[in-house]
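Below, each chain spelled out in residue letters.
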Amino acid sequence: MSLRNPAWWKSTEAMVAAILLLAMILIGFVNPAFWSLENLFSLARSNVVIGIMALGVLLVMIAGGIDVSFPAFAVAAMYLVVRAMVDWGVPSGVILPFLMATLIGALLGLVNALLVWKLRMIPLIVTLGTAAMARGLLNGLVGTSNVNINKFPDSLIDFGKTDLVTLLNANGASYGLPATVLLYLGLALIVHLVLSRTMIGRSVYAYGASPESAQRVGFRTGRTLIFVYVAAGALAGFAGLLHSSMIWMANPRDFVGWELDVIAAVVLGGASIFGGRGSVLGTMLGVFILVMIKNSLILMGIETTWQRVVVGCMLIAAVALTALRDRKATV
């Protein structure tokens, strides 16, 4: 590695980090309250659920696929588990509910994997179909009424409001850094280690770059597809119940439109829409950029409709840049 021109400086993660730092400086210059601990803790909290979902989408995109079913899987896992806790009184605590939500998400992800692998169907069509089925069955068979805070399980409320650090602002109101941030960082580390240190992780990159070549060198491509879609579903199910515990309610119509935000964040982090490229660090930076910009738009009083326009523009710009990067790399 040359000290005058180090390779890390040319990496996608370094460029995304530079963009993030520049954006933070500009936003902080316009609104100094951005650098307050209360705002930074709020940003960290907002990163947790979307970040965990983005880790699953990253796996699918590195493998050359696309998944738009994860919001539906998240809401299905969340609502089924909360209703089971409220209506049947089981299970107690938080470990079993989170295992159940993760398992529900994983089983739904397995449906995606089998359809893509066995029937060789296009991932976008498959995940659109399973998302519609999951939401339709949930609302038709289970119900459409919210589980509000007065009925919400106490164990999940206590878990969601646990803070690592609690402080008081100038008005005397308390704010804190949520402990759920540690869950996000832990899951990100696990996904990074799987991608970088295991054979299944290498097979994900190999399959995304060229499925035929991956099969010729001996990777079991069916197992690779099952891994990425099941992992994406499991992470979505876990994130769904975590989101519910953080807002103290379960809404069966939640997560509508999250596909755009999460996919935009993953692409902003440098993942290729053609597969074979992407990293956990880049995805986390992409998530932070997206959340920070949306947070800033809210502080400026921009309406939700125009926020969607901004996110859409960011997605198109990121896809265009990654496409140009990939085309340049193949020349």
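Whatever comes next refers back to the structure up there.
In this report, the structure presented in the accompanying data block is examined. These numbers come from a predicted model, not from an experiment. (Residues numbered from 1 in each chain as written. Predicted model: local features only at pLDDT ≥ 70, side-chain atom pairs only at ≥ 80, totals over all residues. Heavy atoms only, no water.)

Once that is clear, we can look at the overall build of the chain. Looking only at helices and strands, one finds 14 helices and 2 strands in the chain. Its C-alpha atoms give the chain a radius of gyration of 20 Å, near enough to 20 Å, the size a compact globule of 331 residues would have. By principal-axis analysis of the C-alpha atoms, the chain measures approximately 60 × 50 × 35 Å. Among the 331 residues that make up the chain, the fraction classed as buried is 48%. Long-range contacts, defined here as pairs at least 24 residues apart, represent 76% of the contacts in the chain between residues at least 6 apart. Put simply, the chain shows about 16400 Å² of open surface, and 69% of that area lies on carbon and sulfur atoms. Here the chain carries 21 positive and 13 negative side-chain charges, and the mean point of each set is 13 Å from the other. (Helix = DSSP H or I, 4+ residues; strand = E, 2+ residues; numbered from the N terminus. Rg over C-alpha atoms; globule rule 2.2 N^0.38 Å. Buried < 20%, exposed > 50% of the residue type's maximum accessible area, 1.4 Å probe, protein only. Contact = heavy atoms within 4.5 Å. Areas by Shrake-Rupley, 256 points an atom, 1.4 Å probe, with all protein chains shown as cover. Lys, Arg positive; Asp, Glu negative; His and termini not counted. Charge placed at Lys NZ, Arg CZ, Asp CG, Glu CD.)

Time to look at the pairing of strand β2 (residues 174-178). As a general feature of sheets, a regular strand has side chains that alternate between the two faces. Burial of β2 is extensive: 4 of the 5 residues sit out of reach of the surface. Here strand β1 (residues 163-168) pairs with β2 via 5 bridges, running antiparallel. Paired with Asp-163 across the two strands is Pro-178, which belongs to β2. Counted between consecutive antiparallel strands, the loop separating β1 from β2 contains 5 residues, among which Gly-172 sits at a positive phi close to 90°. (Pairing = 2+ DSSP bridges.)

Phi angles above zero are rare outside glycine, and Arg-120 is one such case at about 55°. Of note, Arg-120 is situated in the loop between α5 (95-118) and α6 (123-142). Among the residues examined, Arg-120 registers a relative accessible area of 74% and is labelled exposed. One non-glycine residue with positive phi stands out, namely Phe-255, at about 70°. When you line up the elements, Phe-255 lands in the loop between α11 (221-247) and α12 (258-268). By relative accessible area, which is 1% here, Phe-255 ends up buried.

Right, let's get into α11. Counted at 1.5 Å a residue, the expected span for α11 with its 27 residues is 39 Å, and the 39 Å between its end C-alpha atoms agrees. Among the 27 residues that make up α11, 22 are buried, leaving the element largely enclosed by the rest of the structure. Positive backbone phi, at 65°, marks Trp-248, one or two positions downstream of α11. (Expected span 1.5 Å × (residues − 1).)

Bringing the nonpolar core into the picture now. If you look at the biggest cluster of nonpolar residues, it comprises 90 residues, and the most contacted ones within it are Ile-52, Met-53, Leu-55, Leu-195, Val-262, Val-266 and Met-292. Broken down by element, this core gets its largest block of residues, 16 residues, from helix α3 (residues 37-62). The contacts of Val-266, once residues within four sequence positions are left out, are Ala-54, Val-57, Leu-58, Met-61, Ala-271 and Thr-283. (Core = buried A, V, L, I, M, F, W, Y, C linked by side-chain atoms within 4.5 Å.)

Now for the packing of α3 against helix α13 (residues 280-299). Between α3 and α13, the least distance of the axes is 8 Å, while the angle of their chain directions is 135°. Between α3 and α13, the angle is such that the two are oblique. Pair α3 / α13 crosses with right-handed handedness. Between α3 and α13, the residues in contact are Asn-39, Leu-43, Ser-46, Asn-47, Ile-50, Gly-51, Ala-54, Leu-55 and Leu-58 and Val-280, Thr-283, Met-284, Val-287, Phe-288, Leu-290, Val-291, Met-292, Asn-295 and Leu-299, respectively. Residue composition of the contact of α3 with α13, by class: 13 nonpolar, 6 polar and no charged. (Axes fitted to C-alpha atoms, helices over the stretch in contact; angles between N-to-C directions. Parallel < 35°, antiparallel > 145°, perpendicular 65-115°, else oblique. Left-handed = near helix turned anticlockwise from the far one by under 90°. Nonpolar A, V, L, I, M, F, W, Y, C, P; charged D, E, K, R; others polar.)

With that settled, the discussion passes to a nonpolar patch on the surface. A cluster of nonpolar side chains, contributed by Leu-119, Met-121, Ile-122, Leu-124, Ile-125 and Leu-128, occupies part of the molecular surface with about 560 Å² of accessible area. Mapped onto the secondary structure, Ile-125 falls in helix α6. (Patch = residues over 30% accessible without salt bridge, like charges linked within 9 Å, V, L, I, M, F, W, Y side chains within 5 Å. Salt bridge = Lys/Arg side-chain N within 4 Å of Asp/Glu carboxyl O.)

So, about the packing of aromatic side chains. With the rule as written, the count across this model stands at 5 aromatic pairs. Taking the centre distance of 6.0 Å and the plane angle of 50° together, the rings of Phe-41 and Tyr-175 count as tilted. Residue Phe-41 is found in helix α3, and its partner Tyr-175 is found in strand β2; the two are separated by 134 residues along the sequence. Phe-41 gets classed as buried once you look at its relative accessible area, which sits at 13%. Ring centres 4.9 Å apart and planes at 90° place the aromatic pair Phe-255 and Trp-258 in the edge-to-face group. Grouping aromatic residues by their ring pairs yields a cluster made of Phe-98, Phe-159 and Phe-238. Lying across the ring of Trp-117, Lys-118 places its NZ or CZ 4.0 Å from the centre. (Phe/Tyr/Trp six-rings, centres within 6.5 Å; stacked < 30°, edge-to-face > 60°. Lys NZ or Arg CZ within 6 Å of the ring centre and 35° of its normal.)

With that settled, the discussion passes to the environment of Gly-240. Assignment of secondary structure puts Gly-240 in helix α11. Along the primary structure Gly-240 and Val-319 are separated by 79 residues, whereas in three dimensions their C-alpha atoms are 27 Å apart. Once residues within four sequence positions are removed from consideration, Gly-240 is found in contact with Ala-74, Met-78 and Phe-255.

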